[in-house]
There are 2 protein chains.
Amino acid sequence: MEKKLTIRDIAELSGVAKSTVSRYLNGGCVREETGRKIKKVIEAYHYEPNVFARLSAKNSRIIGLIVPGFDSIVTPGLVEVIVAYLKRYDYTPLIMHTGNDLAEEIKSIERLTGMNVDGIMVLASSVTKSHEAAVEKANIPVLFLGQRYCQGTSVINDDYHAGLELGRYLGAKGASHVAGLWVSEQDLAVGRERKRGVQDGLKEFGIEEMEILETSFFYQDAVKTAESLFAREVWPDTVVCATDRIAEGVYKVLYQKKARIPEDVSVTGFGDYETSELLRPPLTTIRLDLENWGEISAEIMLQMVQGKPVSKLQINSFALIERDSVAKRR
Amino acid sequence: MEKKLTIRDIAELSGVAKSTVSRYLNGGCVREETGRKIKKVIEAYHYEPNVFARLSAKNSRIIGLIVPGFDSIVTPGLVEVIVAYLKRYDYTPLIMHTGNDLAEEIKSIERLTGMNVDGIMVLASSVTKSHEAAVEKANIPVLFLGQRYCQGTSVINDDYHAGLELGRYLGAKGASHVAGLWVSEQDLAVGRERKRGVQDGLKEFGIEEMEILETSFFYQDAVKTAESLFAREVWPDTVVCATDRIAEGVYKVLYQKKARIPEDVSVTGFGDYETSELLRPPLTTIRLDLENWGEISAEIMLQMVQGKPVSKLQINSFALIERDSVAKRR
DNA sequence: ATTCGAAATGGAACCGGTTCCAAATAAGCG
DNA sequence: CGCTTATTTGGAACCGGTTCCATTTCGAAT
């Protein structure tokens, strides 16, 4: 029932000025004895400073984290890692959710800059000119995850080469009629680079054409797209999916059609969700090292915040995980 | 590059006092003409007020949302729904992440109360006395999700009856040697009520004993626990899992052992993840209506914030989803 | 035109912190 | 022990908003 304590209360209770308490909290000059006194009061009363009242502070020790949504496995996993890292270094993460809406993404950047957070990490779905403008205005370090940001710093997956490896693998397996369930090209990393990699890999084996069906990151959309694909007379022998989630949609439809994977159709994913090995047959996919990705990103963010120099582009590693969803053909 | 605009700038640019701008923004008394003038300036300069500077405001239109982690499917899904709802009513959700740590949970409550958010929603893993103390001190509406909070308001799943229905179902199917992979009793809703329901349901069919193996919400832990279970000589004929995620762990181990589900072992889950129908065989489980749960919760939260009366306890509905992971025995 | 109450406005104080600066205290040194 | 310098400290101003209250303006009624 007692009112929330403010720094003034603590100051009075320990018989010093509030500036002294503030200094104590932020590691400034305070005599050891004074510090002890303040510490005792703070602990006795469980005082917690109001993080958002640091209006005029140089640094708030808050890092904004803008995410599209929590519907995939990648986002929550990555957030998990990043949050843990930031906390370890005593930064408070502030998660903003855009619901896969580009305009919201921009707005979130603006909003966060207005809150004088120390830095912003954007798990962007694409990097538009509005993004760049918002970042310009922001005047604080902004780190893009997953999408390359030429004007600044980003930590991305090596989507092109991952795609390339997958394309080559499929080519070597003798795929011939390949369809891709993909997301919009607006998403440069996943929608474009990843796809281009696959196409180039296939080309090396003489497969010039990969039919693309556009879908979204959502499971239900993937199911619908897959349904339309397999409603046709002739089926592809291989379906490449932009993400594991989309591959799950394909699995569902193929189960319904009583088609056999991979005998009738080979399927591949991207991401290696925890459950992808549980699919029957286990899904062949590209593993993105979330742990590594998150750690690197958070580390770079903190370095940027502390004004240290960082390399403009960090690339997260990947690995092809071969399971049983692709058949040797011909 | 231009500096961030403040309310003072807007006031000067439109030739009024900043109190007037503030009033305009918050729907107070302003002449139509004045309003138009201010509006023009705000739009011309893309002014966005600093949400966190409302230190002395009655209400910040911010709702704190405390979640344990994003590793399950339930949490991200629920957050998704809640966030969408809150935004629709022009509230800003502030997501705090506790990493399944009870102490962090308390701290988050305290921290959020210090930020004068309008209300807090806690997706709690349990309700301890520390929680109650923190809520007491908070002095703002706090809504618990998933765990019953006797001193206040909560929206929970009907874990007992859901468990009961599942237990009866298994009893009717002729289960006899039942093992449960469960989470700690600290979690009253899942760890206790849900389990008790299953046990009571089984008892109606004369099955007095259900062996419990304690595990956690994490996939990897579930795998380990399942491994230890199936390393034994004699196997249960039915494994009941506290969540679908845990069931996935069981599937993995049974796949490795080349055991047949449900012929050798029946398996059930709880939650009905999107992918649960993709498991082979598709998982029989209890569906929790996330959509409904989230909507109800957000709605109640807003009503609490607006000082309207709400019923202390709301119960989310469930449904038994019968698929193919349980065999008829005897 | 005058009066009066309601609506609109500006100014000042405040929210809970941080930071700057000057004053007070402690420490170092000859 | 006195003087200089470095370290601590308190006080005031500030951050970007909101709110209270007194004052001005408006509009309608007399």
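Remember, it's a predicted structure, so these values are computed and weren't measured experimentally. (Residues numbered from 1 in each chain as written. Chains lettered and ligands numbered in written order. Predicted model: local features only at pLDDT ≥ 70, side-chain atom pairs only at ≥ 80, totals over all residues. Heavy atoms only, no water.)

1. What about the environment of A:T75?
Residues and elements named next belong to chain A. Mapped onto the elements, T75 comes out in helix 4 (residues 74–88). T75 gets classed as buried once you look at its relative accessible area, which sits at 7%. Considered as a pair, T75 and L290 are 215 residues apart in the sequence and their alpha carbons are 9.2 Å apart. Setting aside its immediate chain neighbours within four residues, T75 contacts V67, P68, G69, F70 and L123. In terms of polar contacts, T75 uses its side chain to reach the backbone carbonyl oxygen of G69, at 3.5 Å. (Helix = DSSP H or I, 4+ residues; strand = E, 2+ residues; numbered from the N terminus. Buried < 20%, exposed > 50% of the residue type's maximum accessible area, 1.4 Å probe, protein only. Contact = heavy atoms within 4.5 Å. Polar contact = N/O pair within 3.5 Å; in protein donor to acceptor, adjacent residues only side chain to side chain.)

2. Describing the pattern of salt bridges
One pass over the structure, following the stated rule, counts 37 salt bridges over all chains. For the salt bridge of A:R245 with B:E274, the shortest nitrogen-to-oxygen distance reads 3.3 Å. Placement of A:R245 in helix 10 (residues 244–256) and of B:E274 in the loop between strand 9 (266–268) and strand 10 (285–288) is noted, with the two residues assigned to different chains. Residue class for B:E274 comes out partly exposed when judged on its relative accessible area of 36%. A salt bridge links B:E185 to B:R192, with the shortest nitrogen-to-oxygen separation between them at 3.0 Å. The network of salt bridges with shared partners includes A:E185, A:R192 and A:K195. (Salt bridge = Lys/Arg side-chain N within 4 Å of Asp/Glu carboxyl O.)

3. Digging into helix 3 (residues 32–45) of chain B
All names here are of chain B. Given a rise of 1.5 Å per residue, 14 residues ought to cover 20 Å, and the 20 Å separating the end C-alpha atoms of helix 3 matches this to within 8%. Among all positions of helix 3, only T34, G35, I38, V41 and I42 are buried. Summarising the axial view, the buried residues of helix 3 lie within an arc of 130°, below the 170-degree limit, and thus occupy one face. For helix 3, the exposed residues lying more than 90 degrees away from the buried face are E32, K40, E43 and A44. Looking at the buried side of helix 3, the elements it contacts are helix 1 (7–13) and helix 2 (18–25). H46, located one to two residues past helix 3, shows a positive phi value of around 55°. (Expected span 1.5 Å × (residues − 1). Arc of directions from axis to C-beta.)

4. Focus: the packing of aromatic side chains
In total, this model carries nine aromatic pairs over all chains according to the counting rule given. Aromatic pair A:F70 and B:F70: ring centres 4.4 Å apart, planes at 10°, arrangement stacked. In this pair, A:F70 is assigned in the loop between strand 1 (62–67) and helix 4 and B:F70 in the loop between strand 1 (62–67) and helix 4 (74–88), connecting two distinct chains. A:F70 gets classed as buried once you look at its relative accessible area, which sits at 2%. Between the aromatic rings of A:Y251 and A:Y255, the centroid separation amounts to 5.8 Å while the plane-to-plane angle is 80°, which identifies the pairing as edge-to-face. In this pair, A:Y251 and A:Y255 are both assigned in helix 10, four residues apart and thus about one turn of the helix distant. Assessed through its relative accessible area of 0%, A:Y251 is described here as buried. For A:Y255, a relative accessible area of 15% translates into the label buried. Across the ring face of B:Y91, the terminal group of B:R61 is positioned such that the distance to the ring centre comes to 4.4 Å. We note B:R280 situated over the ring of A:Y255; from NZ or CZ to the ring centre the distance is 3.4 Å. (Phe/Tyr/Trp six-rings, centres within 6.5 Å; stacked < 30°, edge-to-face > 60°. Lys NZ or Arg CZ within 6 Å of the ring centre and 35° of its normal.)

5. Some details on the pairing of strand 4 (residues 142–145) of chain B
All names here are of chain B. Side chains of strand 4 alternate between two faces, with V142 and F144 and L143 and L145 buried alike. Sheet analysis places strand 3 (residues 119–123) next to strand 4, joined by four bridges and oriented parallel. Directly across from L123, in strand 4, lies its bridge partner L145. Between the parallel pair strand 3 and strand 4, the chain is carried across by helix 6 (residues 129–138), and the sense of this crossover is right-handed. Where strand 4 and strand 5 (residues 153–157) come together, three bridges link them in parallel fashion. Following the sheet pairing, L145 is matched in strand 5 by V155. (Pairing = 2+ DSSP bridges. Right-handed = clockwise from strand over helix to strand, strands pointing away.)

6. Concerning the domain arrangement of chain A
The domain architecture assigned to chain A consists of domain 1 (7–49), domain 2 (62–157 + 290–316) and domain 3 (159–288). Just the C-alpha atoms count here: the centres of domain 1 of chain A and domain 3 of chain A sit 59 Å apart. (Domains from an automatic or database assignment.)

7. Comments concerning the packing of helix 9 (residues 219–230) of chain A against helix 10 of chain A
All names here are of chain A. Look at helix 9 against helix 10: their axes get within 8 Å of each other, and the N-to-C directions meet at 45°. Taken together, the axes of helix 9 and helix 10 lie oblique to each other. As for the relative orientation of helix 9 and helix 10, their crossing is right-handed in sense. Residues Y219, A222, V223, A226, E227 and F230 of helix 9 pack against R245, I246, E248, G249, V250, K252, V253, L254 and Q256 of helix 10. Grouping the amino acids of the contact of helix 9 with helix 10 by side-chain chemistry returns nine nonpolar, two polar and four charged. (Axes fitted to C-alpha atoms, helices over the stretch in contact; angles between N-to-C directions. Parallel < 35°, antiparallel > 145°, perpendicular 65-115°, else oblique. Left-handed = near helix turned anticlockwise from the far one by under 90°. Nonpolar A, V, L, I, M, F, W, Y, C, P; charged D, E, K, R; others polar.)

8. Remarks on the relation of the copies chain A and chain B
When chain A is fitted onto chain B, the two copies agree to an RMSD of 0.1 Å after a turn of 180° and an axial shift of 0.0 Å. In short, the pair behaves as if placed about a two-fold rotation axis. Taken as a fraction of all interface residues of chain A, those also at the interface in chain B reach 100%, which identifies the copy contact as same-surface. (Least-squares fit on C-alpha atoms with pLDDT ≥ 70 in both.)

9. Describing the sheet that holds strand 7 (residues 210–214) of chain A
The strands making up a sheet are joined through hydrogen bonds of the backbone, oriented either antiparallel or parallel. Residue and element names in this part refer to chain A. Pairing in this open sheet of four strands is parallel, and the strands run 7-6-8-9 from one edge to the other. Here the strands that pair on one side only, and so sit at the sheet edges, are strand 7 and strand 9 (266–268). Shown here is a sheet whose adjacent strand axes are inclined to one another by a mean of 20°, direction ignored. Sheet topology places strand 8 (residues 238–241) next to strand 9; three bridges connect them, and they run parallel.

10. Comments concerning empty space enclosed by the protein
Residues and elements named next belong to chain A. Scanning all chains against the criterion turns up six cavities of 30 Å³ or more. When its volume is computed, the largest cavity comes out at roughly 410 Å³. The wall of the largest cavity is formed by 26 residues, among which V74, T75, D187, V190 and F217 lie closest to the centre. When contributions to the lining of the largest cavity are tallied by element, the ones reaching two or more residues are helix 4 and helix 8 (188–203). Among the elements that line the lining of the largest cavity, the one with the most residues is helix 8, at three residues. Here the lining of the largest cavity is composed, by residue class, of 12 nonpolar, 10 polar and four charged. For the lining of the largest cavity, the domains that each give at least three residues are domain 2 (62–157 + 290–316) and domain 3 (159–288). (1 Å grid on protein atoms, 1.4 Å probe; cavity = no way out; pocket = protein on both sides within 12 Å on 5 of 7 lines; lining within 4 Å. Points joined across faces, edges and corners; volume = space filled by probe spheres on them.)

11. Some remarks on the protein's contact with DNA strand C
The environment of DNA strand C is formed by 27 residues, the closest being A:I7, A:S22, B:T20, B:R23 and B:T34. Among atoms of DNA strand C positioned within 4 Å of the protein, sugar and phosphate together represent 61%. Note that a phosphate oxygen of DNA strand C is positioned 2.8 Å from one of the backbone N or O atoms of B:A17. B:T20 is positioned such that a nitrogen or oxygen atom in its side chain is 2.8 Å from a phosphate oxygen of DNA strand C. (Near = heavy atom within 4 Å.)

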